[in-house]
Amino acid sequence: VVRFNLHSIQNFSAHVGRRTSLRVLNLRNTRKACCRNFRVDKKASVPHLTWHPVSRQVQPHCRANLPTTPVVPLAARLVEAEVELMRYLRMDLRRLGITELAEWRFLTSGAHAVMLLTRMCSHVSLYGFTTFPTQVESPDQYAGRQKKVPGSEFWHDWMGESYVWRLLHAS
């Protein structure tokens, strides 16, 4: 069971379960975990996978502050391959007539995990992934926020990713 960033699932465990096998962290949450020793999981050994290029600079803090938690940065070549795959999938969407795709600078942590797991597993089941409405006012998964983090729409194309999930599901 892969979870994203450092959101607690305590109030949602009846719906999403209690197990966590891996956490995929963005840069902000990597810093929070490694530099401030912030933990969500009771079991300290749940591995953390980081994808942001700058997260490599935080690795010494991770080793010092989280000695029993494996914190592994994705290889730059793998991140580049994930981004390239997303570009191809977005081109397929355009060929299918879906042209309302926004500009994006980074994949979300969820997208990195999906791209990685589709390479590793013969079957991937996505629970909790949604096709976000176009407005930014939509609820933000398990974080309990009623809006996306300010500025996140600058970095991510939430709607474009939701179309990619639809495309993958249809394939």
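These numbers come from a predicted model, not from an experiment. (Residues numbered from 1 in each chain as written. Predicted model: local features only at pLDDT ≥ 70, side-chain atom pairs only at ≥ 80, totals over all residues. Heavy atoms only, no water.)

Structural notes on the overall build of the chain
At step 1: In terms of helices and strands, the chain carries seven helices and four strands.
At step 2: At a minimum sequence separation of 6, the contacts of the chain that also span at least 24 residues come to 59%.
At step 3: If you sum the accessible surface of the chain, you get close to 10300 Å²; carbon and sulfur atoms cover 55% of it. (Helix = DSSP H or I, 4+ residues; strand = E, 2+ residues; numbered from the N terminus. Contact = heavy atoms within 4.5 Å. Areas by Shrake-Rupley, 256 points an atom, 1.4 Å probe, with all protein chains shown as cover.)

Quick look at helix H4 (residues 76–95)
The α-helix winds at 3.6 residues per turn, so residues separated by three or four positions along the chain end up facing the same way.
At step 1: Helix length check: H4, at 20 residues, gives a terminal C-alpha distance of 29 Å against a target of 28 Å (1.5 Å per residue), a fit within 8%.
At step 2: Within the span of H4, buried status applies to Val79, Glu82, Val83, Met86, Leu89, Arg90 and Leu93. The arc that holds every buried residue of H4, seen down its axis, measures 120 degrees, which confines them to one face. In H4, the exposed residues that point more than 90 degrees away from the buried face are Arg77, Glu80 and Arg95.
At step 3: Looking at the buried side of H4, the elements it contacts are helix H5 (109–120) and helix H7 (158–170).
At step 4: Positive phi shows up at Gly97, right after H4, with a value of about 100 degrees. (Expected span 1.5 Å × (residues − 1). Buried < 20%, exposed > 50% of the residue type's maximum accessible area, 1.4 Å probe, protein only. Arc of directions from axis to C-beta.)

What about the packing of H4 against H5?
At step 1: Their axes nearest at 10 Å, the elements H4 and H5 cross at an angle of 95 degrees. On the basis of the axis angle, H4 is roughly perpendicular to H5. For the pair H4 and H5, contact is made by Leu78, Val79, Ala81, Glu82, Leu85, Met86 and Leu89 and by Ala111, His112, Met115, Leu116 and Arg119, respectively.
At step 2: Partitioned by chemical class, the residues of the contact of H4 with H5 number nine nonpolar, one polar and two charged. (Axes fitted to C-alpha atoms, helices over the stretch in contact; angles between N-to-C directions. Parallel < 35°, antiparallel > 145°, perpendicular 65-115°, else oblique. Nonpolar A, V, L, I, M, F, W, Y, C, P; charged D, E, K, R; others polar.)

Quick look at the packing of H4 against H7
At step 1: Where H4 meets H7, the closest approach of the two axes is 10 Å, and the angle between their N-to-C directions is 80 degrees. Accordingly, the angle class assigned to the pair H4 and H7 is roughly perpendicular. For the pair formed by H4 and H7, the contact residues are Met86, Leu89, Arg90, Asp92 and Leu93 on the first element and Gly160, Glu161, Tyr163, Val164, Trp165, Leu167 and Leu168 on the second.
At step 2: For the contact of H4 with H7, the class distribution of residues is eight nonpolar, one polar and three charged.

That is the geometry; function is a separate question.
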